[in-house]
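# Fold and geometry: a report
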Amino acid sequence: MRALRLTAWGEPPEQADVERPVPRGAQVLVRVEATGLCHSDLHVIDAAPGALPYRLPFTLGHEVAGRAAALGPDADGVAVGEPVVLYGPWGCGACGRCAVGWDNYCDRRDTLRWHGAGLGRDGGMAEYVLVPSARHLAPAGDLTAEQTAPLSDAGLTSYHAVAGLRPALGEGATAVVIGIGGLGHLAVQILRATTACRVLAVDVREDALALADRSGADFGTLMRADTAGVLRTRGGGAGADAVLDFVGTPETLELATGILRPGGEVAVVGSGGGRLTVSKPGVLPPGFRLSLPFWGPRPQLAEVVALARSGALRVETERFPLSAAPEAIERLRRGRVRGRAVLVPD
Ligand code: FEH
Ligand code: ZN
Ligand code: ZN
């Protein structure tokens, strides 16, 4: 079968022909119908030797949707032909976190040589992907695979970030979303669908602000010198109750902390290399809270899929054939993907 494989650290992934896996024990073979392309794929591709604990070679792709194609003899909980989406974070399966489906915060994460499909284990940028058990799958119902795949990472990560901020997002609260890309545009929709707060959007691109508007933001503004003042005014003057930073650069972290209301909270999702200095006394507002949400727990994946099936969540995608993965990767590197890039086996 065709697969996009990482074979050497710091080298571009290669299209290759590999054996189609055969499921054993509780394993499930999934025929891939769509796989999202994520900035983390770029981090994996660009990683220096030894930076990641993964063994080469492996197939990329951690945001995967398709249909169950074959079951190992001990597999249960899924039927052949059923539309499914992969729960991407694969933990040890035995610790307190994994036992309740919070593999994204596995207690033994630092001892593992992989973190999931496409993250040290063969992933979904291929015609088929093998998952260790149906525990790593969620039913996709009547959604198209192109809509479902991004829910497993972009959707779940955004949903989990919003879930952590819910105490701050009551009636009349203001949430600011920085970075309206594959995750940010879904965060705007999730805030719209699950909270009563005002949603303000920030990005460096006009077309991203248009996407924020289509996603239901109350207001959008470009990242400029006066952005903090503009957001404070638009937010009613008291400052933001919550900021979701999907970029995480020094500039966006400065903006996030600069517009925060006392008692407000910042969730940093983007890995833009920004740093925060926390000190008392210091410049951060009293009551400041910070979270670094990572991906999401499996129970919340089912909630995101249900939200999408209700019509409240629509992923803007740009579709590429798997054979055009190098072009999609280049477009993502240059920030020239609208919404989420999705690769479809051709
Ligand atoms: C996956 C693996 C490692 C780091 C970050 C990620 C994110 O794409 C998960 O949302
Ligand atoms: Zn990802
Ligand atoms: Zn674990």
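Residues numbered from 1 in each chain as written. Chains lettered and ligands numbered in written order. Predicted model: local features only at pLDDT ≥ 70, side-chain atom pairs only at ≥ 80, totals over all residues. Heavy atoms only, no water.

### Here's the deal with the coordination of the zinc ion (ligand 3)
- Surrounding the zinc ion (ligand 3) are the protein donor atoms Cys92 (SG), Cys95 (SG), Cys98 (SG) and Cys106 (SG), at 2.3 to 2.4 Å.
- In this structure, the zinc ion (ligand 3) is surrounded by four donor atoms whose angles at the metal cover 102 to 120°, and the resulting shape is tetrahedral.
- Going along the chain, you hit the donors of the zinc ion (ligand 3) in the pattern C-x2-C-x2-C-x7-C.
- You can call cysteine 98 buried: its relative accessible area is 2%. (Donors = N, O, S within 2.8 Å, 3.2 Å for Na, K, Ca; no water. Tetrahedral: all angles 85-135°; square planar, octahedral: opposite > 155°, others 65-115°. Buried < 20%, exposed > 50% of the residue type's maximum accessible area, 1.4 Å probe, protein only.)

### Brief notes about the coordination of the zinc ion (ligand 2)
- Around the zinc ion (ligand 2), the protein supplies Cys38 (SG), His62 (NE2) and Asp153 (OD) as donor atoms, at distances of 1.8 to 2.2 Å.
- What the four donor atoms of the zinc ion (ligand 2) show is an angle range of 93 to 122° at the metal, which sorts the shape as tetrahedral.
- Along the chain, the residues donating to the zinc ion (ligand 2) fall in the pattern C-x23-H-x90-D. Taken together, the residues cysteine 38 in the loop between strand S3 (28–37) and helix H1 (39–46) and aspartate 153 in the loop between helix H3 (145–148) and helix H4 (154–165) connect sequence positions 115 residues apart.
- Residue cysteine 38 is classed as buried on the basis of its relative accessible area of 6%. (Helix = DSSP H or I, 4+ residues; strand = E, 2+ residues; numbered from the N terminus.)

### With respect to the nonpolar core
- Ranked by size, the top nonpolar core spans 64 residues in total, and within it Val177 and Leu191 carry the most contacts.
- Among the elements that take part in this core, H4 stands out by supplying six residues, more than any other.
- Not counting chain neighbours up to four residues away, the residues in contact with valine 177 comprise Gly184, Ala187, Val188, Leu191, Val199, Leu200, Ala201, Val202, Leu244 and Phe246.
- Formed by 17 residues, the second largest nonpolar core is a distinct cluster that contains Val176, Val202, Val243 and Phe288. (Core = buried A, V, L, I, M, F, W, Y, C linked by side-chain atoms within 4.5 Å. Contact = heavy atoms within 4.5 Å.)

### Focus: the site of ligand 1
- Lining the immediate surroundings of ligand 1 are Cys38, Ser40, His62, Leu119, Asp153, Thr157, Phe294 and Trp295.
- A distance of 2.6 Å is found between an oxygen atom of ligand 1 and a side-chain nitrogen or oxygen belonging to serine 40.
- The side chain of threonine 157 places a nitrogen or oxygen atom 3.2 Å from an oxygen atom of ligand 1.
- Within the complex, the protein chains bury 78% of what would otherwise be the 290 Å² of accessible surface of ligand 1. (Near = heavy atom within 4 Å. Polar contact = N/O pair within 3.5 Å; in protein donor to acceptor, adjacent residues only side chain to side chain. Areas by Shrake-Rupley, 256 points an atom, 1.4 Å probe, with all protein chains shown as cover.)

### Remarks on the side chain of aspartate 245
- Structurally, aspartate 245 can be placed in strand S14 (residues 240–245).
- It turns out aspartate 245 is buried and unbridged, and the closest side chain with the opposite charge, arginine 275, is 14 Å from it.
- Setting aside chain neighbours within four positions, we find aspartate 245 in contact with Ile178, Thr252, Leu253, Ala267, Val268, Val269 and Gly270. (Lys, Arg positive; Asp, Glu negative; His and termini not counted. Salt bridge = Lys/Arg side-chain N within 4 Å of Asp/Glu carboxyl O.)

### Re the packing of H1 against helix H10 (residues 325–333)
- Contact pair H1 / H10: the axes reach a minimum separation of 10 Å and the direction vectors enclose 105°. In terms of orientation, H1 and H10 fall into the roughly perpendicular class. Side by side, H1 and H10 meet where His39, Leu42, Ile45 and Asp46 of the first sit next to Ile329, Leu332 and Arg333 of the second.
- Residues that form the contact of H1 with H10 fall into these classes: four nonpolar, one polar and two charged. (Axes fitted to C-alpha atoms, helices over the stretch in contact; angles between N-to-C directions. Parallel < 35°, antiparallel > 145°, perpendicular 65-115°, else oblique. Nonpolar A, V, L, I, M, F, W, Y, C, P; charged D, E, K, R; others polar.)

### Comments concerning the packing of aromatic side chains
- A complete count under the given rule lists three aromatic pairs for this structure.
- Seen in terms of ring centroids, tyrosine 54 and phenylalanine 58 are 5.8 Å apart; in terms of plane orientation they differ by 85°. Their pairing is edge-to-face.
- Under the relative-accessibility criterion, tyrosine 54 is labelled buried at 7%.
- Its relative accessible area of 1% is what places phenylalanine 58 among the buried residues.
- Between the aromatic rings of phenylalanine 294 and tryptophan 295, the centroid separation amounts to 6.0 Å while the plane-to-plane angle is 85°, which identifies the pairing as edge-to-face.
- The class for phenylalanine 294 is partly exposed, based on a relative accessible area of 33%.
- Overall, tryptophan 295 belongs to the buried group, its relative accessible area being 5%.
- Note that arginine 121 overlies the ring of tryptophan 114, its terminal NZ or CZ placed 4.8 Å from the centroid. (Phe/Tyr/Trp six-rings, centres within 6.5 Å; stacked < 30°, edge-to-face > 60°. Lys NZ or Arg CZ within 6 Å of the ring centre and 35° of its normal.)

### Some points on the sheet that holds strand S13 (residues 219–222)
- A sheet is described by the order of its strands in space; here six strands give the open sequence S13-S12-S11-S14-S15-S16, paired in parallel fashion. One side of each edge strand has no neighbouring strand; the edge strands of this open sheet are S13 and strand S16 (289–291). Adjacent strand axes in the sheet meet at a mean angle of 20°, parallel and antiparallel pairs treated alike.
- Pairing of S14 with strand S15 (residues 260–268), which is carried by five bridges, proceeds in the parallel orientation. By the bridge assignment for S15, leucine 244 is matched with alanine 267.
- On the sheet, helix H5 (residues 184–194) packs against strand S11 (174–178), strand S12 (198–203) and S14 and is oriented at approximately 165° with respect to S11.
- In the packing of helix H6 (residues 206–214) onto the sheet, contacts are made with S12 and S13, and the angle to S12 comes to roughly 165°. (Pairing = 2+ DSSP bridges.)

Taken by themselves, the reported measurements are silent on function.
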